[in-house]
Amino acid sequence: MERKEFDDMTKVLQLNEGIDKLYKHLCDLELQGKFMSDEYMECVDMIRFGSKRAQDYMLKYPLSNKDMNDFIEVLLELNHYNKWDPVNYIDKASSIKIKRFIEHNFELSLAFHDSNEDEFLPDQIQIEDVTYNFEEGIALLEEEGQYDALEDIQAMKAANDEQDKLDYFRDDLYLERISLEIHTFMKYLLDTINTEKDSEIKEALIRMKYQIISNVRSIELSFLHDPTLSYSLTTYQYRLAKVFKKTPQLFIEHITDSATLIDAEQMQLLERGKKSYTDIDDKVHDILLGIMLQTHITCMPNEIVREATLEDTEAAVELSRSRADKKVLKKSLKINKKYIMQEYNVNDN
């Protein structure tokens with residue numbers, strides 16, 4: 001990574017550290033009963049400015065080339081942070097400035113379809129030990145009258161183009177899935193905060209609310225637009241459905257991936273055998289795990305699969321030998337029908 005880029009990325013980390021402090025101040029203000037006060041809104045304005053500045057620095061450079069990926073790998077190692085872990089944004093152990101950098105980089109790379117070109121071969125074909133790019137190969141084969149080979153290379157190019165198109169829309173799928181899931185998760189979290197009677201747990205959940213907003217770009221954008229987070233999930237469901245309409249094969253991929261994730265979460269809870277809680281943070285983490293599973297089931301856009309996962313969860317509750325595990329699994333069964341991702345028919349126009 002060039003020195004100038006390294007310096008700019010260091011500035012992003014510094015901005016993230018300041019933004020983290022501002023979110024913690026917002027949390028303190030809410031706990032003091034000053035939610036949406038003048039001081040609260042001034043703090044939101046400062047976050048809005050800092051977030052825009054950090055994003056401008058990031059967008060000056062490729063988001064996922066080798067230099068950036070190497071830089072992120074160093075951050076991951078320093079922070080012992082797994083960006084592919086579906087529960088990473090409820091992990092309190094990770095450094096916010098690093099977590100925010102990685103999460104925002106990932107969302108921006110999806111939004112701008114900025115993939116790492118080093119991971120892919122150029123469009124090419126090998127004929128009799130000679131490697132041609134597709135366009136050059138087609139031109140030469142046409143000139144030489146090699147029509148059988150020409151048909152083969154054209155078929156390969158069409159398949160390659162189709163895969164490029166699929167990868168392009170898969171970025172959209174990941175981005176809209178992240179956005180829908182985090183907005184659904186936040187709805188459930190706010191509901192839990194509003195009904196929680198234990199003051200210590202309620203405070204810990206409010207602190208987690210601001211930590212999550214500070215990490216995940218899509219929910220931060222909603223928060224900076226409206227700190228009350230009075231958004232409609234229909235907007236985010238519609239955006240995901242639009243991806244399915246463009247590429248129906250990704251609908252099946254999404255259903256399969258979501259079902260696999262839910263099964264893994266259920267099995268992890270079923271097998272862990274948790275006896276008791278060590279402290280408030282441990283208890284709150286389990287509440288969040290329940291909301292996470294609740295969210296993934298709610299966002300399943302297929303009623304048959306969703307009902308099957310609910311039945312599996314009910315069975316897991318019966319099989320679990322731990323009261324703590326049973327409690328988490330039972331919470332995930334409490335699906336708010338208003339939040340459900342509506343059935344999507346791939347044949348709809």
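Residues numbered from 1 in each chain as written. Predicted model: local features only at pLDDT ≥ 70, side-chain atom pairs only at ≥ 80, totals over all residues. Heavy atoms only, no water.

Q: Looking at this model, I keep getting lost on the packing of aromatic side chains. Mind explaining?
A: By convention here, two paired aromatic rings are described through the distance between centres and the angle between planes. Within the structure shown, the criterion is met by eight aromatic pairs. Geometrically, the ring pair formed by Y23 and F223 is tilted, given 6.0 Å between the ring centres and 45 degrees between the ring planes. One end of the pair, Y23, is in helix α1 (residues 3-31); the other, F223, is in helix α8 (residues 217-225), with 200 residues separating them in the sequence. By relative accessible area, Y23 is classed as buried at 2%. A relative accessible area of 0% places F223 in the buried class. Members of the aromatic cluster, each reached through a chain of ring pairs, are F6, F71 and F101. Here the basic side chain of K187 rests over the ring of Y231, its NZ or CZ set 4.5 Å away from the ring centre. (Phe/Tyr/Trp six-rings, centres within 6.5 Å; stacked < 30°, edge-to-face > 60°. Helix = DSSP H or I, 4+ residues; strand = E, 2+ residues; numbered from the N terminus. Buried < 20%, exposed > 50% of the residue type's maximum accessible area, 1.4 Å probe, protein only. Lys NZ or Arg CZ within 6 Å of the ring centre and 35° of its normal.)

Q: Sorry if this is basic, but what is going on with the confidence of the model for the protein chain here?
A: For any part of a model where pLDDT is low, the fine detail of the predicted coordinates should not be relied upon. Looking at the protein chain as a whole, its pLDDT mean stands at 85, while 81% of the residues score no less than 70. Predicted confidence in the protein chain is weakest over strand β1 (residues 124-127), with a mean pLDDT of 54, and strongest over helix α2 (residues 38-58), with 97. Here residues 117-122 is modelled with pLDDT under 50, and outside its nearest four sequence neighbours on either side it reaches three contacts, counting other chains as well. (pLDDT = per-residue confidence, 0-100. Contact = heavy atoms within 4.5 Å.)

Q: I keep staring at the packing of α1 against helix α7 (residues 199-215) and nothing clicks. Help me out?
A: A pair of packed helices can be characterised by two numbers: the angle between their axes and the separation between those axes. It is at 9 Å that the axes of α1 and α7 come closest, and there the two elements cross at 150 degrees. In this structure, α1 crosses over α7, and the sense of that crossing is right-handed. Along the contact surface, α1 presents Y23, L26, C27, D28, E30 and L31, while α7 presents E203, I206, R207, K209, Y210, I213 and S214. A breakdown of the residues in the contact of α1 with α7 according to their chemical character gives seven nonpolar, one polar and five charged. (Axes fitted to C-alpha atoms, helices over the stretch in contact; angles between N-to-C directions. Left-handed = near helix turned anticlockwise from the far one by under 90°. Nonpolar A, V, L, I, M, F, W, Y, C, P; charged D, E, K, R; others polar.)

Q: Sorry if this is basic, but what is going on with the pattern of salt bridges here?
A: When charged atoms on two side chains of opposite charge get close, those side chains can pair. Within the structure shown, the criterion is met by 19 salt bridges. D8 is paired through a salt bridge with K60; the nearest N and O atoms lie 2.8 Å apart. In this pair, D8 sits in helix α1 while K60 sits in the loop between α2 and α3 (66-79), placing the two residues 52 residues apart along the sequence. Take D8: its relative accessible area is 0%, and that puts it in the buried class. The class of K60 is partly exposed, set by a relative accessible area of 46%. With a shortest N-O distance of 2.9 Å, D56 and K52 are connected by a salt bridge. Pair noted here: D56 and K52 are both in helix α2, with a separation of four residues, about one helical turn. Linked through salt bridges whose partners overlap, the residues forming this network are R272, K274, D282, D286 and D325. (Salt bridge = Lys/Arg side-chain N within 4 Å of Asp/Glu carboxyl O.)

Q: What exactly am I supposed to notice about the side chain of H104 here?
A: With respect to the element layout, H104 can be found in helix α4 (residues 96-111). A distance of 3.4 Å separates a polar side-chain atom of H104 from the backbone oxygen of N215. Setting aside anything within four residues of it in sequence, one finds H104 in contact with M58, S214, N215, V216, R217 and E220. (Polar contact = N/O pair within 3.5 Å; in protein donor to acceptor, adjacent residues only side chain to side chain.)

Q: Explain the packing of α1 against α4 to me, please; I cannot follow it from the model alone.
A: Interhelical geometry of α1 versus α4 gives an angle of 115 degrees and a closest axis separation of 8 Å. The handedness of the crossing between α1 and α4 comes out as right-handed. Contacts between α1 and α4 involve M9, V12, L13, N16, E17, I19, D20 and Y23 on the former and, on the latter, I96, K97, I98, R100 and F101. In terms of residue class, the contact of α1 with α4 is built from eight nonpolar, one polar and four charged.

Q: For this particular structure, what's the right way to read the environment of N69?
A: For N69, the position within the fold is in helix α3. Judged by relative accessible area, N69 falls into the partly exposed class, the value being 21%. Separated by 33 residues in sequence, N69 and I102 place their C-alpha atoms 10.0 Å apart.

Q: I tried to follow a negative patch on the surface on my own but got confused; where do I start?
A: Where like charges cluster on the molecular surface, the negative patch consists of D263, E303, E307, E311, D312, E314 and E318. With six residues, the top contributor of residues to the negative patch is helix α12 (residues 303-319). Within the secondary structure layout, E311 lies in helix α12. (Patch = residues over 30% accessible without salt bridge, like charges linked within 9 Å, V, L, I, M, F, W, Y side chains within 5 Å. Areas by Shrake-Rupley, 256 points an atom, 1.4 Å probe, with all protein chains shown as cover. Lys, Arg positive; Asp, Glu negative; His and termini not counted. Charge placed at Lys NZ, Arg CZ, Asp CG, Glu CD.)

Q: Sorry, what's going on with unusual backbone geometry here?
A: Of all residues except glycine, most have a negative phi; of all peptide bonds, most are trans. Positive phi, close to 50 degrees, is recorded for H113, a residue that is not glycine. Relative to the helices and strands, H113 is located in the loop between α4 and β1. The phi torsion at L229 lies on the positive side, around 55 degrees, for a residue other than glycine. What makes L229 buried here is its relative accessible area of 3%.

Q: Teacher, can you tell me more about α8 here?
A: Note on helix geometry: an α-helix contains 3.6 residues per turn, so any two residues three or four positions apart are oriented the same way. By the criterion of burial, α8 is predominantly enclosed, with seven of the nine residues buried. Considered for burial, the residues of α8 that qualify are R217, S218, I219, E220, S222, F223 and L224.

Q: Where do I start with α4 in this structure?
A: A rise of 1.5 Å per residue sets the reference length of α4, with its 16 residues, at 22 Å; its end C-alpha atoms lie 22 Å apart and thus fit the reference within 8%. By the criterion of burial, α4 is predominantly enclosed, with 13 of the 16 residues buried. In the stretch just after α4, H113 is the one whose phi turns positive, near 50 degrees. (Expected span 1.5 Å × (residues − 1).)

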